[in-house]
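# Structural overview
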Amino acid sequence: MLRMLVIRELQTQYSRFRFGYLWTLMEPLGLSIILWMVFSVLLGPRNLGLQPYLLFLSVAMLPWWWFTKGVNSSVRSFRRNVAQLRISTLPTQFWVLRILLVSTVEFVMSLPVIVIAIILTRDLPGPFIIFFPIAILAQFLFMYGIALALASWNVIAPDVARLVRLVLRGLFYLSPILYSVSNIPEHVRPLAALNPLVGILGLYRIGWWPQEIEDMVHYGLSLGIGAMTFVIGWIVFRRLESRVLKES
Amino acid sequence: MARFTITKDLDVMVEFDGVGIRMPRARKRKGPAKIRRFAGQASPEQVWRLRNVTLSVPAGQALAILGRRNSGREALLRLAAGTLIPDEGQVRRQAKIVPMIDVAAAMARNMTVRQNIYVIGGLLGITPKVMGDLIPKVAHLAGLQGQLERTLAPLTNRQINRLAWSIGVMTGDRAYAIDKTHISEDPEFAPTVKERMTQMRAEGVTFIVSSDRPELFLDHWDRAIVLERGAIIADTSLAEATILFDEIGGSDDEDRDDDLPVEESFEERDDLGEEEVWEQEDDGDRPRKRNR
């Protein structure tokens, strides 16, 4: 049933556009190229991120794209499906999971962008690339926790969805997407590690830039907070589930 | 999951034990309209919709629920089916109870009849594989043969309600919680509904139906209860219950879902506007206004 709902959602999204699936590739690729042009070409070579910068940017841009799309749309998943919730004999969390899985499928389908960046930069990853799928799993759980809590809160206060948009905008600059962890001053790094995306994006990148692993203690803290977010999100959802159903 | 817990050794189909539930009722801010518009909406107040309800429905029984608007009819149905979790007391059920409560509202007008049958069937517990075989029967029952590939957009509300009902009765379950919205305003379809329900009743199916005109659905009801202000005030025969129901004011003219906030429906409050660059665009699946 969940599979059918996910496929149905994907069909709805893609059938409306002439280029369909190609948008999944073009959006993150286009954004990566624009940012690469701004920070590498227009502003000239500078000590931002690691080289090759286009690949460095793409490897974090795709997970970020997944994160922002997944969280933004799943926050509204209960409110969008109030009529379905009234009659659904499926577990309540399916509605959040559905939207999250849709964005995950899109993320996986957008991975060829990294392949394109590898071809353009001719920089193959090393053995640490095995952390890439682990990063996907960690990000999925982190997002699931956030989405469950926020979607439940959003039912009670629709303001949450707007606030999330603002916070995500800030998080883009607070996470090492445009820059490397090494760009963060050392005394600020423990503070930066409170952001689970620091650890997750690090796991994606260490296949190419093993030096990103040097700060292992901070990554542990960051990933630990990510895991805690999942647990807290689940608890919040369980506490608010009754209220979510009442509002449907 | 917890809300759909089945107690197989229960000796009745569904049992309410001291059940109470609070439901939100939107309350607007006081003061001049212009200021209210900018100030946002006050937190919805929670009011008791049902309180201390104790009720047993034996398997195979046809139970009619009579109640005015805001009496708690729909909450009772949803609690029986498990699409609501009680705040007080406990609801136990022997088997799955199909929630046929405003099914039409869950349908998407931009989807085809066939797609809607799969999705709604799935929500009510029919797997896509089983549904594949049932589609011709659903289309026949709803009178929509040959229209499976059309979207719902050109269909009338009556046709959509017929489709909703036809999907619901296909689940093959032993108990149904049915809201009157499906059929009560469609006298042409009432004989089909009655025939089907009589047949299912002969097979031992349990019916809990909320309606102000239960005679439309069946010739014979085993029992009727009257709900008033969240409490059962009579548990008797349909004839007696109908007299009492008329005495307390009878059916509402505008008999809509009684558990929605009084001032405005939920979806009207959801106003997020257009999404921005970073966000996924909204598709056409936003809940639409209910068919009445």
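No experiment lies behind these values; they were computed from the predicted model shown.

### Here's the deal with the overall build of chain A
- A tally of helices and strands in chain A yields twelve helices and zero strands.
- The N-to-C order of helical and strand elements in chain A reads α-α-α-α-α-α-α-α-α-α-α-α.
- Viewed in the frame of its principal axes, chain A has a C-alpha envelope of about 55 × 45 × 30 Å.
- Burial statistics for chain A: of 248 residues in total, 48% are counted as buried.
- Long-range pairs, those at least 24 residues apart, make up 83% of the contacts in chain A with a sequence separation of at least 6.

### A look at the overall build of chain B
- Secondary structure assignment for chain B yields eight helices and nine strands.
- Here chain B holds 292 residues, and 42% of them are scored as buried.
- Counting only contacts in chain B whose residues sit at least 6 apart along the sequence, the fraction spanning at least 24 positions is 74%.

### Focus: the pairing of strand β1 (residues 14-25) of chain B
Residue and element names in this part refer to chain B.
- The pairing of β1 with strand β2 (residues 45-57) spans nine bridges and is classified as antiparallel. Within the sheet, the bridge partner assigned to Arg-22 lies in β2 and is Trp-48.
- As judged from the five bridges shared by β1 and strand β4 (residues 88-93), these two strands associate in the antiparallel manner. If you follow Val-14 over to β4, its bridge partner there is Arg-93.

### Section: the packing of helix α3 (residues 113-123) of chain B against helix α4 (residues 128-142) of chain B
Residues and elements named next belong to chain B.
- Two numbers describe how α3 lies on α4: the axes approach to 10 Å, and their chain directions differ by 125°. Accordingly, the angle class assigned to the pair α3 and α4 is oblique. The two elements α3 and α4 cross, and the hand of that crossing is right-handed. Across the interface between the two elements, Arg-114, Ile-117, Tyr-118, Gly-121 and Gly-122 of α3 pack against Pro-128, Met-131, Ile-135 and Val-138 of α4.
- Of the residues belonging to the contact of α3 with α4, the class tally is six nonpolar, two polar and one charged.

### Re the sheet that holds β1 of chain B
Residue and element names in this part refer to chain B.
- A sheet is described by the order of its strands in space; here three strands give the open sequence β2-β1-β4, paired in antiparallel fashion. Strands at the two margins of the open sheet, each flanked by one partner only, are β2 and β4. Pairs of neighbouring strands in the sheet enclose a mean axial angle of 35°, with direction left out of account.
- Lying on the sheet, helix α2 (residues 73-81) is in contact with β1, β2 and β4; it crosses β1 at an angle near 125°.

### Notes on the nonpolar core
- Counting 147 residues, the largest nonpolar core has Ala-147 of chain A together with Ala-80, Ile-120 and Ala-177 of chain B as the members making the most contacts within it.
- With 14 residues, the single largest contributor to this core is helix α3 (residues 53-74) of chain A.
- In this structure Ala-80 of chain B touches Val-14, Val-91, Ile-97, Ala-177 and Ile-208 of chain B, once residues within four positions along its chain are discounted.

### A closer look at the sheet that holds strand β6 (residues 175-179) of chain B
Residue and element names in this part refer to chain B.
- Here we have six strands laid out as an open sheet, ordered β5-β6-β7-β3-β8-β9, and mixed in their pairing. Strands with a single pairing partner mark the edges of an open sheet, and in this sheet they are β5 (97-100) and β9 (231-236). Direction aside, the axes of adjacent strands within the sheet are offset by 15° on average.

Conventions adopted
Numbers given to residues run from 1 along each chain, matching the order in which its sequence is written. Whichever chain is written first becomes A and whichever ligand is written first becomes 1, with later ones labelled in order. Local features in a predicted model are, by the rule used here, given only for residues with pLDDT of at least 70; side-chain atom pairs are given and counted only at 80 or more, and totals for whole chains, interfaces and linings are based on all residues. Under the DSSP-based scheme used, a helix requires at least four consecutive residues in state H or I and a strand at least two consecutive residues in state E, with every element numbered from the N terminus. In this scheme the burial state of a residue depends on its C-beta neighbours within 10 Å: 20 or more other such atoms mean buried, 12 or fewer mean exposed, and anything in between means partly exposed; the C-beta positions come from the backbone. Here the contact rule is simple: place C-beta atoms from the backbone, and any two residues whose C-beta atoms are within 7 Å are in contact. By definition, two strands form a pair when at least two bridges between them are found by DSSP. Under this scheme, a helix contributes an axis fitted over its contacting stretch, all axes are lines through C-alpha atoms, and angles between N-to-C directions fall in the 0 to 180 degree range. By the definition adopted for this analysis, an angle is roughly parallel if under 35 degrees, roughly antiparallel if over 145, roughly perpendicular if from 65 to 115, and oblique otherwise. Here a crossing is taken to be left-handed if its near helix is turned anticlockwise relative to the far helix by less than a right angle, and right-handed if that turn runs clockwise. Under the convention adopted here, Pro, Cys and the residues Ala, Val, Leu, Ile, Met, Phe, Trp and Tyr are nonpolar, Asp, Glu, Lys and Arg are charged, and Gly plus all remaining residues are polar. The term nonpolar core refers to a group of buried residues, namely Ala, Val, Leu, Ile, Met, Phe, Trp, Tyr and Cys, whose C-beta atoms join them within 7 Å.

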